[in-house]
Amino acid sequence: MPGTNPRELGLLADCESCFGLCCVALPFSASADFAMDKDAGEPCRNLRDDFRCSIHQQLRQRGFAGCTVFDCFGAGQKVSQVTFEGRSWREAPGTARQLYAVFPVMRQLHELLWYLAEALSLEAAGEIHAELRRALDETERLTRESADVLEKVDVAAHRAEVNTLLLRTSELVRAGHRGKDRRGADLIGARLRGADLCGANLRGAYLIGADLRGADLRQADLIGADLRGADLSGADLTGSIFLTQAQLNAAKGDAGTRLPPALTRPSHWPGTRTEPAARPARGKPGPGGSGKSGHRGEPRGTGGRRSRRR
């Protein structure tokens, strides 16, 4: 029986053990997030022969901010080292098509594991912990299937089943807070400075460029909320649920932003002290992620990196 610690579940990206899958398998479009167009299955021009990113230290400055916020939730190393047993697409070109097809499936499953692990850590959801545990065990089992099986997994159906439990978790955590229901709301550029959003349902809400400075987001459900460019300076996110490092990395904040203990203040936020990296990572940076794929208000995960042109 797997534990619920993200590291034990292999949900923290280890780019050193991946074959640069996010740099090859996924497409992206020229936009504010990416400096060029790239088709799925086409290696990024910045990917080196050793699967490292040649501009890793200058991604934001070179127009690839989208790379710095993508997170595979550890799917890259699972597919590279477990599913395909260490055979890269360069060493075994015949595996490339299936490897690229399996990677986004694995990413969705790992993202669900992340949410389920968090739900199991919440005391307020104690009455459904047994159901959450069964869902986590089944999802983890799927991640260890063969490539042939994984390629055919109906992830949408599995995600819908898991989402029922995540919705119930959200209701239990937010009970008594009388938070606002803004699920899927269009709050792009909204002026929400100092807003009382404690216990709010913000699942799938579009908060792109919103002013959330000093907002109270305690116990708010933020699963799938699009926080690209949102200003979280001085906001209180302690106790918020289903918030990912990917969403934080896509937002703006400062030293006064209060975060859940499991998450890290992004290095590009003002006042953040970071330790120098011992060596550049392969592919894209591990912590970070793309939060806008899939259906609004549901756990995200098409596995691709999409960017709306702005």
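Since the structure is predicted, the reported quantities are computational estimates derived from the model, not experimental observations.

**Description of the side chain of Gln 98**
1) Next: Examined against the element boundaries, Gln 98 turns out to sit in helix α4 (residues 96-120).
2) Next: By relative accessible area, which is 17% here, Gln 98 ends up buried.

**Considering the packing of helix α5 (residues 129-143) against helix α7 (residues 155-174)**
1) Next: Put simply, α5 and α7 touch, their axes get as near as 11 Å, and they point 150 degrees apart. Between α5 and α7, the angle is such that the two are roughly antiparallel. For the crossing formed where α5 meets α7, the hand is left-handed. Note on element contacts: α7 touches α5 through His 158, Val 162, Leu 165 and Thr 169, opposite Glu 131, Leu 132, Ala 135, Glu 138, Thr 139 and Leu 142.
2) Next: For the contact of α5 with α7, a count of residues per class yields five nonpolar, three polar and two charged.

**Examining the environment of Arg 60**
1) Next: Along the chain, Arg 60 falls in the loop between α1 (21-24) and α2 (65-68).
2) Next: What makes Arg 60 partly exposed here is its relative accessible area of 37%.
3) Next: It is 9.5 Å that separates the C-alpha atoms of Arg 60 and His 268, two residues lying 208 residues apart in sequence.
4) Next: Contact partners of Arg 60, with chain neighbours within four places excluded, come to Ala 65, Thr 68, Val 69, Asn 249 and His 268.
5) Next: One polar contact links the side chain of Arg 60 to the main-chain carbonyl oxygen of Asn 249, over a distance of 3.3 Å.
6) Next: Within the local environment of Arg 60, its side chain forms a polar contact with the side chain of His 268, the two groups lying 3.4 Å apart.

**What to know about the nonpolar core**
1) Next: Within the largest apolar cluster, 53 residues are counted, with the highest numbers of intra-cluster contacts made by Leu 207, Leu 212 and Leu 217.
2) Next: Listing elements by their share of this core, those giving two or more residues are α4, α5 and α7.
3) Next: A per-element tally of this core places α4 first, with eight residues.
4) Next: Once you skip the residues sitting within four places of it in the chain, Leu 207 turns out to touch Leu 187, Leu 192, Leu 212, Ala 225, Asp 226, Leu 227, Arg 228 and Ala 230.
5) Next: Judged by nonpolar contacts, the second largest core, of 38 residues, contains Ile 55, Cys 72, Phe 103 and Val 153.

**Some thoughts on unusual backbone geometry**
1) Next: At Phe 51, a residue that is not glycine, the phi angle is positive and equals roughly 70 degrees.
2) Next: With respect to the helices and strands, the residue Phe 51 is situated in the loop between α1 and α2.
3) Next: One non-glycine residue, Phe 242, lies in the positive phi region at around 60 degrees.
4) Next: Structurally, Phe 242 is set in the loop between α7 and α8 (245-250).
5) Next: For Phe 242, a relative accessible area of 0% puts it in the buried group.

**Here we look at the state of the cysteines**
1) Next: Counted by the stated rule, this structure contains zero disulfides.
2) Next: No disulfide involves Cys 22; its sulfur sits 3.9 Å from that of Cys 23, the nearest cysteine.
3) Next: Cys 22 gets classed as buried once you look at its relative accessible area, which sits at 10%.

**Re the environment of Val 105**
1) Next: With respect to the helices, strands and loops of the structure, Val 105 is situated in helix α4.
2) Next: By relative accessible area, Val 105 is classed as buried at 10%.
3) Next: Filtering out sequence-adjacent residues up to four positions away, Val 105 remains in contact with Leu 150, Val 153 and Val 155.

**A word on helix α3 (residues 75-83)**
1) Next: Across the nine residues of α3, seven count as buried, placing the element largely inside the fold.
2) Next: For α3, the full list of buried residues reads Ala 75, Gly 76, Gln 77, Lys 78, Val 79, Ser 80 and Thr 83.
3) Next: On its buried side, α3 packs onto α1, α4, α5 and α6 (147-151).
4) Next: Once α3 ends, the next one or two residues include Glu 85, with phi positive near 50 degrees.

Rules used in this analysis
- Residues numbered from 1 in each chain as written.
- Predicted model: local features only at pLDDT ≥ 70, side-chain atom pairs only at ≥ 80, totals over all residues.
- Heavy atoms only, no water.
- Helix = DSSP H or I, 4+ residues; strand = E, 2+ residues; numbered from the N terminus.
- Buried < 20%, exposed > 50% of the residue type's maximum accessible area, 1.4 Å probe, protein only.
- Axes fitted to C-alpha atoms, helices over the stretch in contact; angles between N-to-C directions.
- Parallel < 35°, antiparallel > 145°, perpendicular 65-115°, else oblique.
- Left-handed = near helix turned anticlockwise from the far one by under 90°.
- Contact = heavy atoms within 4.5 Å.
- Nonpolar A, V, L, I, M, F, W, Y, C, P; charged D, E, K, R; others polar.
- Polar contact = N/O pair within 3.5 Å; in protein donor to acceptor, adjacent residues only side chain to side chain.
- Core = buried A, V, L, I, M, F, W, Y, C linked by side-chain atoms within 4.5 Å.
- Disulfide = S-S within 2.5 Å.

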